[in-house]
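# An overview of the molecular structure
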Amino acid sequence: MNEKIRVLVAKPGLDGHDRGAKIVARALRDAGMEVVYTGLHQTADMIVETAIQEDVNVIGLSLLSGAHMTLFKDVTSLLKKKGLNDVLVIGGGIIPDEDVSNLKKAGVSGVFGPGTHCDDIVKFIRKNVKK
Amino acid sequence: MNDIAAKVLEGDPRSIARLITHAENTSPLAASQMKKIHPYTGKAYVIGITGVMGSGKSTLIYEMTKEYRRQGLKVGIIAIDPTSPFSGGALLGDRIRMTELATDNGVFIRSMGTRGMLGGLASAVYDVVEILDASGKDIVLVETVGVGQAEVDVIKIADTTLVVLVPGLGDSIQTIKAGIMEIADIYVVNKADRSGVEQAVAELESLIDIACNDKDRKTPVLTTIAKQKKGILELVKEIENHKNYLKKTNRFQAKRRKRYEAELVEIIRKRLMNFIFDESTFKGKVESLIDQISKKEVDPYSAADEILGKILK
Ligand SMILES: Nc1nc2c(ncn2[C@@H]2O[C@H](COP(=O)(O)OP(=O)(O)O)[C@@H](O)[C@H]2O)c(=O)[nH]1
Ligand SMILES: [Mg+2]
């Protein structure tokens, strides 16, 4: 047996820049994970279908715009609807403190703001991933 | 859990995905389920796409898939990227060119890391082709890693192999060097919107004339502009021509036989290696033999004799 943690890194929403997402994707690869990277402008539907087909353990969503609340929630509720209860959802971006607790309630387990070190994300995934 | 195979046969995406993961992890469940689905395989036509990184393989696959969907066919896509030999991780980025296919339930895309395999494929790719085939896909497209090493293993799995090139000085020379001249059933010169297309095609044609391949079929050279959806229909037709040619000349069965041979060899190789290097069997013995070799107390051939002797007794 040689299991690997598989992660989907996706960038929902309309803002067109994914430097942060790419840096995180590379860091996760360097930590030994298989990272499926889908690029910009992903809808909740695309993200969830991709997560199913790629059988990922983790979905990492990167967001810059203020639309994060609805987009994150769209993804987590669609995951629930499809019965994907064992997928860990984490998010990164410029997210105001007051939104963080709401996101966690909505099923986003980890929220990582701008100054986050990649190692912290790696550690968080390793600790919380459901096998 | 035991009805994974049954669900795969129904085309259930989550079960397909799960079984692929089990196959990649060489879990015991994978073996038992693969046995169940094998009788239902053999219908999907497998197309391999190889060529260096950036030549447009993923974009071509996206456009070809849209054409196959227009024809009402179901499509499976296997996109392979290199696993880092240092970390064991992989960045799987081929989906970037295919995002619109994600929500089409007639398409199933799986990205794979090579996980230590050379030759442009992933070790579990044979399983994944069988799984997609059994799940009812009519066409399975396999994109090799594209790092420019000899990615010739794709012919073991593909019914038709496309070699994708781009216009540019000396590209066809590189092709010969990389040893991929022999593997092409169809050449695709993509990015034909760039200069140097005529030259690239002429160069290829002359190389094909020199190479003494099947006398009854000359390897066709097509030009495409994948990004502008140009040449796709012609490419799909040429693949159909090749399929008919294989069937007419009885080469189709021979190709499939070669695939099963490669698959069998791969299963045995994996099982043997796991057996030898597993903690519960010989790992300790292997480690101590490596130490002895390092100290020149034993030579590598005698060490190999000793390990194999234990298995073959
Ligand atoms: N100019 C031009 N660019 C193309 C064409 N086909 C693909 N590309 C671009 O080439 C780059 C690499 O394409 P991709 O499909 O990812 O190549 P792969 O690495 O072989 O899978 C992308 O930026 C594509 O948009 C084409 O026909 N012409
Ligand atoms: Mg590609």
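Residues numbered from 1 in each chain as written. Chains lettered and ligands numbered in written order. Predicted model: local features only at pLDDT ≥ 70, side-chain atom pairs only at ≥ 80, totals over all residues. Heavy atoms only, no water.

## A look at the layout of surface pockets
Roughly 1,000 Å³ of volume is contained in the largest pocket. What lines the largest pocket is a set of 40 residues, among which Ser58, Gly93, Asp94, Ile96 and Arg97 of chain B lie closest to the centre. Put simply, the parts of the chain that give the lining of the largest pocket at least two residues each are helix H1 (19-30) of chain A together with helix H4 (57-70) and strand E3 (90-92) of chain B. A class-by-class count of the residues in the lining of the largest pocket yields 14 nonpolar, 13 polar and 13 charged. The computed volume of the second largest pocket comes to approximately 620 Å³. Residue lining of the second largest pocket: 25 residues in total, with Ile155, Glu182, Asp185, Lys255 and Lys258 of chain B positioned closest to the centre. Of all the elements in the fold, those that place two or more residues in the lining of the second largest pocket are helix H6 (154-157), helix H9 (232-248) and helix H10 (251-277) of chain B. Residue contributions to the lining of the second largest pocket peak at nine residues, all from H10 of chain B. Classifying every residue of the lining of the second largest pocket by side-chain character gives ten nonpolar, three polar and twelve charged. (1 Å grid on protein atoms, 1.4 Å probe; cavity = no way out; pocket = protein on both sides within 12 Å on 5 of 7 lines; lining within 4 Å. Points joined across faces, edges and corners; volume = space filled by probe spheres on them. Helix = DSSP H or I, 4+ residues; strand = E, 2+ residues; numbered from the N terminus. Nonpolar A, V, L, I, M, F, W, Y, C, P; charged D, E, K, R; others polar.)

## What to know about the interface of chain B and chain A
Interface size is commonly expressed as the accessible surface area that is lost when the partners come together. Each partner contributes residues to the interface: chain B has 31 residues there, and chain A has 30 residues. Here chain B packs against chain A, burying approximately 2,600 Å² in sum over the two surfaces, 51% of which is carbon and sulfur. Ranking the residues of chain B by area buried against chain A places Arg14, Leu91 and Arg95 of chain B at the top, with a combined share of 22%. Applying the counting criterion to the chain B and chain A interface returns six salt bridges. There are 19 residue pairs in polar contact (both at pLDDT 80 or more) connecting chain B and chain A. (Contact = heavy atoms within 4.5 Å. Buried area = accessible area lost by both parts, 1.4 Å probe. Salt bridge = Lys/Arg side-chain N within 4 Å of Asp/Glu carboxyl O. Polar contact = N/O pair within 3.5 Å; in protein donor to acceptor, adjacent residues only side chain to side chain.)

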